[in-house]
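The chain contents come next:
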Amino acid sequence: MQSMSHEVSAIVSCYKGERYLPRFLQNYSEQSFFDRMEMVIDMNLPSAEEFSMVQKFQDEHPGRLRVLTTDKLLSFGASWNRCMRASDGEHIVIWNIDDLRERTSVERQAAALAPASGLDIVYGDYTMVRGFGSTDGELVTYKGIQPEQFTRKFLFGPFFMFRRSLLEKAGMVDEQFRAAGDYDLGIRLAIHGRVGRIDGNLGYYLNAGS
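For clarity, every value in this text was computed on a predicted model and none was experimentally measured. (Residues numbered from 1 in each chain as written. Predicted model: local features only at pLDDT ≥ 70, side-chain atom pairs only at ≥ 80, totals over all residues. Heavy atoms only, no water.)

K.L.:
Any chance you could explain the overall build of the protein chain here in plain terms?
P.N.:
Helix and strand counts for the protein chain come out as 6 helices and 9 strands. If one aligns the C-alpha atoms of the protein chain with their principal axes, the spans along those axes are about 50 × 40 × 35 Å. Taken over 210 residues, the protein chain has a buried fraction of 50%. Carbon and sulfur atoms provide 48% of the accessible area of the protein chain, an area that totals close to 10100 Å². Averaged over its 24 positive side-chain charges, the protein chain has a centre that lies 4 Å from the centre of its 28 negative ones. (Helix = DSSP H or I, 4+ residues; strand = E, 2+ residues; numbered from the N terminus. Buried < 20%, exposed > 50% of the residue type's maximum accessible area, 1.4 Å probe, protein only. Areas by Shrake-Rupley, 256 points an atom, 1.4 Å probe, with all protein chains shown as cover. Lys, Arg positive; Asp, Glu negative; His and termini not counted. Charge placed at Lys NZ, Arg CZ, Asp CG, Glu CD.)

Here it is, written out as structure tokens:
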């Protein structure tokens, strides 16, 4: 395992992301925790336009974006695993390019995973929106959940954070799944780790209905 040099690694799989990347990367740079985290993005069959976008960001923000490329389309699970293996953060978040985070969300989650907390996974409320970039939508919140429920349903939402060390017990994303790999991973993380909820909206999850 690599030596830790970032507190948080954001894991991103990208395919045909031209529409989303400019605002997504801007949102990343606006994070209050930006200087203490990295983003590892796996570019699946990237276009010249996508390359230009990420290279521009790397030039403007050295050391904050690590870019992987693949000449074939991978499943989310395989792509996320590539990113996690290349990352070095103590904590991990999976972040989709069509979802945007509140400015302090990463900082609040990292603080909640302080060693004295005894927590291994943290989640919170999020807003489900119909348009990318919108902040107007339905607030989704899960409160008062008994610990065993996290081992039966995926209740973490799109913005959960967990300790890297938990992967040694729970394992990586199962690449057999073409969909719902995060659901399966979340269940296994919950079996092996202690879950906590933090207050406040974490971000904006795009549900375009397509």
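K.L.:
I'm lost on the nonpolar core in this one. Help?
P.N.:
The tendency in soluble globular proteins is for nonpolar side chains to be buried side by side. In this structure, Val8, Leu21, Phe24, Leu25, Met39 and Met161 are the most contacted members of the largest nonpolar core, which totals 39 residues. Those elements that place two or more of their residues in this core are strand S1 (6-14), helix H1 (21-29), strand S2 (37-44), helix H2 (48-60), helix H4 (105-112), strand S6 (121-129) and strand S9 (195-206). Among all residues touching methionine 161, those that are not within four sequence positions of it are Val8, His91, Ile92, Val93, Val106, Gln109, Ala110, Leu113, Asp120, Ile121 and Val122. Among the nonpolar cores identified, the runner-up in size contains 23 residues, and Leu68, Ile94, Tyr123 and Phe156 belong to it. (Core = buried A, V, L, I, M, F, W, Y, C linked by side-chain atoms within 4.5 Å. Contact = heavy atoms within 4.5 Å.)

K.L.:
Is there a simple way to explain the pattern of salt bridges in this structure?
P.N.:
Any two side chains of opposite charge can pair, given that their charged atoms come close. Across all of its chains, the model carries 10 salt bridges by this definition. In this structure, glutamate 60 and lysine 56 form a salt bridge, with 2.6 Å as the shortest nitrogen-oxygen distance. Of this pair, glutamate 60 and lysine 56 are both found in helix H2, 4 residues apart, which corresponds to roughly one turn of the helix. (Salt bridge = Lys/Arg side-chain N within 4 Å of Asp/Glu carboxyl O.)

K.L.:
Help me understand the environment of alanine 86 in this model?
P.N.:
If you trace the backbone, alanine 86 turns up in helix H3 (residues 76-86). By relative accessible area, which is 16% here, alanine 86 ends up buried.

K.L.:
How should I be thinking about the packing of aromatic side chains in this particular structure?
P.N.:
Each aromatic ring pair is described using two quantities: the centre-to-centre distance and the angle formed by the ring planes. Across all of its chains, the model carries 16 aromatic pairs by this definition. Taking 5.1 Å as the distance between ring centres and 70° as the angle between the ring planes, the aromatic pair formed by phenylalanine 24 and tryptophan 95 counts as edge-to-face. Of the two residues, phenylalanine 24 sits in helix H1 while tryptophan 95 sits in the loop between strand S4 (89-94) and strand S5 (100-101), which places them 71 residues apart along the sequence. Note on phenylalanine 24: relative accessible area 0%, which makes it buried. Taking NZ or CZ as reference, arginine 64 lies 5.9 Å from the ring centre of phenylalanine 34, over its face. Directly above the aromatic system of tryptophan 95 lies the positively charged group of arginine 101, at a separation of 5.5 Å from the ring centroid. (Phe/Tyr/Trp six-rings, centres within 6.5 Å; stacked < 30°, edge-to-face > 60°. Lys NZ or Arg CZ within 6 Å of the ring centre and 35° of its normal.)

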